[in-house]
Amino acid sequence: MNRYHVLTLFPEMIQNGLGTSITGRAIEKGAIGLEAVNIRDYAGNRYGKVDDYPYGGGAGMVMQAEPVYQAWKAVTEQIGRRARTIYVTPQGAVFTQAMAQELAKEEDLIFLCGHYEGVDERVLEEIVTDYVSIGDYVLTGGELPAMVMIDAISRMVPGVLSNETSAESESFQDGLLEYPQYSRPEEWHGRRVPEVLLSGHHARIEKWRLEQSVSRTRERRPDLYEAYQKEQESRFEIRFVNEGIRYRAKEGQTILEAEIAAGITPDAPCGGQGTCGKCQVAANGKSVLACQTKVEPGMRIDTGKKKRTRAQILASGHRREVPLAPGKLPRKVEHPLLAAVDVGSTT
């Protein structure tokens, strides 16, 4: 479970912004935790005043060090340790999908939201571990950037998304923009859904989607496309022997991450945290934990049994590829009685 602690002057803004939709449901079911801490509660005066004029003169006011520090200290004492503390500022490193994946591994994250002309530098030096920006522009406060980051990070947390595969396939996950998406009807304003998406042929669909992602990235984000090309050049082949899958892995990837990327359902109830010990596989004949073992060029991996993350269904006259939850009918079947799930046999 990921717990977010947001130090802010406007706690209701954080609670209202993240208390609805996907993040709201994730909070309700305990997949993530959210605490909005009002810095004014630690002002030390009856007026809740937390700002003052800047030394050296200049426009605006500066948030004082002590209230911020006391709010942070209270959270730290509650957690029982110093947690990673992010100050959202245009001066920080630009937030990316890779950063979201990294931060999703943290059990607790503290976000400090500045206001006015900024925060006293001394408290930043005392408590901040990361300076992060969501772009080269200035906002009135840090609450919106903090919510943007929390939303993106939460999508990487197991149990947050109802469709666990969507976090693995959306824009930026593989360094590419997402492929075009279509829904009913098959024809709208004279525009038809590409035939390949109606074919039910999983391999062709995946090939088409990759081609579209590459083409769209090259056209709309040449900077990402250039990075993608360089990253592809550094990839190497590994093989999942039971599933008969050859996958081009990247350096630093764990076997568990490679399994998911290759379309294989891993056995990892703990979400890859290394606490359950159930993601055991044989890598080059040696028994290892998939979540803790890095892939190597030419590695042969025996997962123990054939696994699939997607199933074919026949619904409303069309074959479709949908996420497969073991033991459950896929959620995307609008009329379960009209659907047949094909996972090697028909049920």
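Anything mentioned here points back to the structure above.
Calculation rules
Residues numbered from 1 in each chain as written. Predicted model: local features only at pLDDT ≥ 70, side-chain atom pairs only at ≥ 80, totals over all residues. Heavy atoms only, no water. Helix = DSSP H or I, 4+ residues; strand = E, 2+ residues; numbered from the N terminus. Buried < 20%, exposed > 50% of the residue type's maximum accessible area, 1.4 Å probe, protein only. Contact = heavy atoms within 4.5 Å. Core = buried A, V, L, I, M, F, W, Y, C linked by side-chain atoms within 4.5 Å. Expected span 1.5 Å × (residues − 1). 1 Å grid on protein atoms, 1.4 Å probe; cavity = no way out; pocket = protein on both sides within 12 Å on 5 of 7 lines; lining within 4 Å. Points joined across faces, edges and corners; volume = space filled by probe spheres on them. Nonpolar A, V, L, I, M, F, W, Y, C, P; charged D, E, K, R; others polar. Axes fitted to C-alpha atoms, helices over the stretch in contact; angles between N-to-C directions. Parallel < 35°, antiparallel > 145°, perpendicular 65-115°, else oblique. Pairing = 2+ DSSP bridges. Salt bridge = Lys/Arg side-chain N within 4 Å of Asp/Glu carboxyl O. Phe/Tyr/Trp six-rings, centres within 6.5 Å; stacked < 30°, edge-to-face > 60°. Lys NZ or Arg CZ within 6 Å of the ring centre and 35° of its normal.

### Some remarks on the side chain of Asp51
Link 1 in the chain: Among the secondary structure elements, Asp51 is positioned in strand β3 (residues 51-52).
Link 2 in the chain: Owing to a relative accessible area of 12%, Asp51 belongs among the buried residues under this scheme.
Link 3 in the chain: In this structure, Asp51 is in contact with Met61, Val62, Met63, Gln64 and Tyr116, ignoring residues within four places of it in sequence.

### A closer look at the nonpolar core
Link 1 in the chain: Ranked by internal contacts, the top residues of the largest apolar core, which has 29 residues, are Tyr4, Phe95, Phe111 and Ile153.
Link 2 in the chain: Secondary-structure elements contributing two or more residues to this core are β1 (2-8), α1 (11-18), β2 (32-38), β5 (84-94), α4 (97-103), β6 (108-112) and α6 (143-154).
Link 3 in the chain: Broken down by element, the residue count for this core peaks at 6 residues, all from α6.
Link 4 in the chain: Not counting the four nearest positions on each side in its chain, Phe95 is found in contact with Ala100, Leu103, Val132, Ser133, Ile134, Met149, Ala152 and Ile153.

### Quick notes on helix α8 (residues 202-220)
A turn of α-helix holds 3.6 residues, and therefore any two residues three or four places apart point the same way.
Link 1 in the chain: Between its first and last C-alpha atoms α8 spans 27 Å; for 19 residues at 1.5 Å apiece the expected length is 27 Å, and the two agree.
Link 2 in the chain: Within the sequence span of α8, burial applies to Ile205, Trp208, Arg209, Ser213, Val214 and Thr217.

### Here's the deal with the layout of surface pockets
Link 1 in the chain: There is about 520 Å³ of room inside the second largest pocket.
Link 2 in the chain: Around the second largest pocket, the lining is made up of 26 residues, and of these Tyr87, Val88, Thr89, Pro90 and Gly118 lie nearest the centre.
Link 3 in the chain: Elements represented by at least two residues in the lining of the second largest pocket include exactly β5, α5 (121-127) and β7 (130-133).
Link 4 in the chain: Ranked by residue count, the leading element in the lining of the second largest pocket is β5, at 5 residues.
Link 5 in the chain: Residues belonging to the lining of the second largest pocket are distributed by class as follows: 14 nonpolar, 10 polar and 2 charged.

### What to know about the packing of α8 against helix α9 (residues 222-233)
Link 1 in the chain: Relative to each other, α8 and α9 sit at 125 degrees, their axes nearing to 5 Å. Classed by the angle they form, the pair α8 and α9 counts as oblique. Across the interface between the two elements, Leu210, Val214, Thr217, Arg218, Glu219 and Arg220 from α8 touch Pro222, Leu224, Tyr225 and Tyr228 from α9.
Link 2 in the chain: Residue composition of the contact of α8 with α9, by class: 6 nonpolar, 1 polar and 3 charged.

### Some words on the sheet that holds β5
Link 1 in the chain: Overall, parallel pairing links the 5 strands, which are arranged β2-β1-β6-β5-β7 in an open sheet. This sheet does not close on itself; its edge strands, each paired only once, are β2 and β7. Shown here is a sheet whose adjacent strand axes are inclined to one another by a mean of 30 degrees, direction ignored.
Link 2 in the chain: Strand direction decides the pairing type here: β1 and β2, joined by 7 bridges, are parallel.

### Here we look at the sheet that holds strand β14 (residues 300-302)
Link 1 in the chain: If you trace the 5 strands from one edge of the open sheet to the other, you get β11-β10-β14-β12-β13, paired in mixed fashion. Either end of the sheet is taken by a strand with one partner, and the two such strands are β11 (245-249) and β13 (286-289). Going across the sheet, the axis of each strand differs from the next one's by a mean of 35 degrees, ignoring polarity.

### Some details on the pattern of salt bridges
A side chain with one charge can pair with a side chain of the opposite charge if their charged atoms come near.
Link 1 in the chain: In the structure shown here, the tally under the stated rule is 17 salt bridges.
Link 2 in the chain: Residue Arg84 pairs with Glu106 through a salt bridge whose shortest N-O separation is 3.3 Å. Highlighted residues: Arg84 in strand β5 and Glu106 in the loop between α4 and β6, separated in sequence by 22 residues.
Link 3 in the chain: Judged by its relative accessible area of 26%, Glu106 is partly exposed.
Link 4 in the chain: Note that Arg221 is salt-bridged to Asp223, the shortest N-O span being 3.0 Å.
Link 5 in the chain: The exposure class of Arg221 is partly exposed, given its relative accessible area of 31%.
Link 6 in the chain: One network of salt bridges, with partners in common, ties together Arg3, Arg81, Glu107 and Asp108.

### Notes on the environment of Ile255
Link 1 in the chain: The residue Ile255 is located in helix α10 (residues 255-261) in this model.
Link 2 in the chain: Sequence separation between Ile255 and Ala283 is 28 residues; the distance between their C-alpha atoms is 8.8 Å.
Link 3 in the chain: The residues contacting Ile255, other than those within four sequence positions of it, are Val281, Ala283, Val288, Ala290, Thr293, Val295, Met299 and Ile301.

### Comments concerning the packing of aromatic side chains
Link 1 in the chain: Tallying each qualifying case throughout the model produces 3 aromatic pairs.
Link 2 in the chain: Seen from their ring centres, Tyr4 and Phe111 are 6.4 Å apart, and the 50 degrees between their planes marks the pair as tilted. Pair noted here: Tyr4 is in strand β1 and Phe111 is in strand β6, with a separation of 107 residues, a long-range link. By the burial criterion, Tyr4 is buried, and Phe111 matches it.
Link 3 in the chain: Ring centres of Tyr87 and Tyr131 lie 6.1 Å apart, and the angle between their planes is 85 degrees; this geometry places the pair in the edge-to-face category. Note that Tyr87 is positioned in strand β5 and Tyr131 in strand β7, a separation of 44 residues in sequence.
Link 4 in the chain: Assessed through its relative accessible area of 8%, Tyr87 is described here as buried.
Link 5 in the chain: Lying across the ring of Tyr225, Arg218 places its NZ or CZ 5.4 Å from the centre.

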